[in-house]
Amino acid sequence: NDITSDSFRILGGLNWTAFNFDFDSAIGYSKNEVESRNQNRLTLSGTSAVFGVPTTPQPPIPTSTSATYNLDRPSTNTQAARDTMSITFPRKSESELKFVDTRGSTEIGKLPGGPIGLAVGVEWREEKLTDTPDQAATSGNILGQGITATNGSRRNYALFAEASLPITQKIEASLAVRHDDYSDYGTSTVPKVGVKFRPTSNLLIRANWGEGFRAPTLPE
């Protein structure tokens, strides 16, 4: 096999301010192309031809063959006979990713420990994956090789928010929630709660609780 992989990626970002929020936005696109050249594979039709065996036996089955390939003395075989049996063919795969995301943060109100921090965000992604075997392989003409093909895509978006609550100078709580929607997997909404306690300047105690999920990847 001779495998060639080419990757391309472009990304742009922007920091901006609006409605008392500081925003960080990004847009990106990436693509990966892979070609796998299968070299000198044996074909059913070519191998059958040099051994004089029909690919689809029909009665009456011949009692003699017109083989042109000598297994006992391989050195006597011509290059033309070898070329008749072998084939070189490609297999092409391609993956794409597009995404846009924006995150913003601000301060709203105050608590005894300081201002309340708020962060919000939104993400959008589209993934595509194709794996295209050559017609020589899909036709079943390659000996000893199983064939699969892939052609899939998915879209998903996410919304999330997090609040930082400085209850006192020593105690700070945090609340967060995230909602994801996938075109194939479905939706998930997960929360998170945390608290930080600093009894002294040299000691910090944290406690967190949250839920999570893992959506299957596109190949899965």
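Look up: the structure comes first, before these words.
Residues numbered from 1 in each chain as written. Predicted model: local features only at pLDDT ≥ 70, side-chain atom pairs only at ≥ 80, totals over all residues. Heavy atoms only, no water.

A. The arrangement of the layout of surface pockets in detail. Quantified by volume, the largest pocket comes out at close to 330 Å³. Along the walls of the largest pocket sit 20 residues, with E162, S174, L175, A176 and K192 positioned nearest its centre. Within the residue set of the lining of the largest pocket, elements represented by two or more residues are β5 (150-166), β6 (171-182), β7 (186-200) and β8 (203-210). By residue number, the principal contributor to the lining of the largest pocket is β6, which donates seven residues. Its residues assigned to classes, the lining of the largest pocket shows nine nonpolar, four polar and seven charged. (1 Å grid on protein atoms, 1.4 Å probe; cavity = no way out; pocket = protein on both sides within 12 Å on 5 of 7 lines; lining within 4 Å. Points joined across faces, edges and corners; volume = space filled by probe spheres on them. Helix = DSSP H or I, 4+ residues; strand = E, 2+ residues; numbered from the N terminus. Nonpolar A, V, L, I, M, F, W, Y, C, P; charged D, E, K, R; others polar.)

B. Structural view of the sheet that holds strand β2 (residues 21-42). In space, the eight strands of this open sheet follow the order β1-β2-β3-β4-β5-β6-β7-β8, with antiparallel pairing throughout. Each edge of the open sheet carries a strand with a single partner, namely β1 (2-18) and β8. Direction aside, neighbouring strands of the sheet carry axes that sit 10° apart on average. Pairing analysis gives 12 bridges linking β6 to β7, with the strands arranged antiparallel. Directly across from L175, in β7, lies its bridge partner V193. (Pairing = 2+ DSSP bridges. Axes fitted to C-alpha atoms, helices over the stretch in contact; angles between N-to-C directions.)

C. Inspection of the pairing of β1 at higher detail. Pairing analysis gives 17 bridges linking β1 to β2, with the strands arranged antiparallel. Paired with D2 across the two strands is R37, which belongs to β2.

D. Molecular detail of the packing of aromatic side chains. Scanning the model with the defined rule gives six aromatic pairs in all. Judged by centre distance (5.7 Å) and plane angle (55°), the ring pair of F51 and Y69 falls under tilted. Of this pair, F51 sits in the loop between α1 (44-50) and α2 (79-85) while Y69 sits in the loop between α1 and α2; the two residues are 18 residues apart in sequence, bridging distant segments of the chain. (Phe/Tyr/Trp six-rings, centres within 6.5 Å; stacked < 30°, edge-to-face > 60°.)

E. A nonpolar patch on the surface, seen in detail. Taken together, the side chains of L111, I167, I171, V195, F197, L203 and I205 define a hydrophobic patch exposed on the protein surface, amounting to about 510 Å² of accessible area. Elements represented by at least two residues in the nonpolar patch include exactly β7 and β8. Inspection of the secondary structure assignment puts I205 in strand β8. You can call I205 partly exposed: its relative accessible area is 42%. (Patch = residues over 30% accessible without salt bridge, like charges linked within 9 Å, V, L, I, M, F, W, Y side chains within 5 Å. Areas by Shrake-Rupley, 256 points an atom, 1.4 Å probe, with all protein chains shown as cover. Salt bridge = Lys/Arg side-chain N within 4 Å of Asp/Glu carboxyl O. Buried < 20%, exposed > 50% of the residue type's maximum accessible area, 1.4 Å probe, protein only.)

F. Here's a closer look at the environment of T43. Examined against the element boundaries, T43 turns out to sit in the loop between β2 and α1. Spatially, the C-alpha atom of T43 lies 8.7 Å from that of A136, the residues being 93 residues apart in sequence. In this structure T43 touches T84, M85, S86, I87, N141, I142 and L143, once residues within four positions along its chain are discounted. Within the structure, T43 has its side chain in polar contact with the backbone nitrogen of G46 (distance 3.0 Å). (Contact = heavy atoms within 4.5 Å. Polar contact = N/O pair within 3.5 Å; in protein donor to acceptor, adjacent residues only side chain to side chain.)

G. Structural detail: the pairing of β6. Where β5 meets β6, 11 bridges bridge the pair, whose relative direction is antiparallel. In the strand pairing of β6, P166 is matched with E172. As consecutive antiparallel partners, β5 and β6 are separated by four residues. Between β6 and β7, which pair antiparallel in sequence order, lie three residues.

H. View of the pattern of salt bridges. Throughout the structure, instances matching the rule amount to 13 salt bridges. Salt-bridge contacts for E35 lead to K92; the nearest nitrogen and oxygen are separated by 4.0 Å. With E35 in strand β2 and K92 in strand β3 (residues 86-111), this residue pair connects regions lying 57 residues apart in the sequence. Residues E123 and R103 are paired through a salt bridge, measuring 2.8 Å at the closest nitrogen-oxygen approach. Taken together, the residues span a long stretch of sequence, with E123 in strand β4 (residues 114-133) and R103 in strand β3 at a distance of 20 residues. Using a relative accessible area of 15% as the deciding quantity, one classes E123 as buried. Each of R103, E123, R178 and D180 takes part in a single network of salt bridges with overlapping partners.

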